[in-house]
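# Commentary on secondary and tertiary structure
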Amino acid sequence: MNTRIAGKTVLTIILAGGKGSRLAPMTDQVAKPAVPFMGTYRLIDFSLSNIVHSGLQDVWIIEQYLPHSLNEHLAGGAPGIWTAPAVA
């Protein structure tokens, strides 16, 4: 489904490809966007939550470093589907 603003189709792109060397050793095994935050969330969840709450629906994520670690979190077991973690 496409989001339209002022009659224009909007595509949201997140650049989530960095190694995050300043966050080492946390980024030795996972990409920076997949670094855990408070046990439940990942850093990319904050960007995705803002996008969803802004009403944007068509989101692409560009990955580079250790993409599998981020894909596991985003897919949540289902290819191509991200669901926001439940807020306690």
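Residues numbered from 1 in each chain as written. Predicted model: local features only at pLDDT ≥ 70, side-chain atom pairs only at ≥ 80, totals over all residues. Heavy atoms only, no water.

### Points about unusual backbone geometry
- Of note, the bond from Ala24 into Pro25 is cis; its omega dihedral lies within 30 degrees of zero at 10°.
- Considering the arrangement of structural elements, one finds Pro25 in the loop between β3 (12-16) and β4 (36-37).
- The residue Met38 is not glycine, and still its phi comes out positive at about 60°.
- Relative to the helices and strands, Met38 is located in the loop between β4 and β5 (41-42).
- Owing to a relative accessible area of 71%, Met38 belongs among the exposed residues under this scheme.
- One non-glycine residue, Leu66, adopts positive backbone phi at about 45°. (Helix = DSSP H or I, 4+ residues; strand = E, 2+ residues; numbered from the N terminus. Buried < 20%, exposed > 50% of the residue type's maximum accessible area, 1.4 Å probe, protein only.)

### Some words on the nonpolar core
- If you look at the biggest cluster of nonpolar residues, it comprises nine residues: Ile14, Ala16, Ala34, Ile44, Leu48, Ile51, Leu56, Leu70 and Leu74.
- For this core, the secondary structure elements donating two or more residues are β3, α1 (43-53) and α2 (67-75).
- For this core, the element with the highest residue contribution is α1, accounting for three residues. (Core = buried A, V, L, I, M, F, W, Y, C linked by side-chain atoms within 4.5 Å.)

That is the geometry; function is a separate question.
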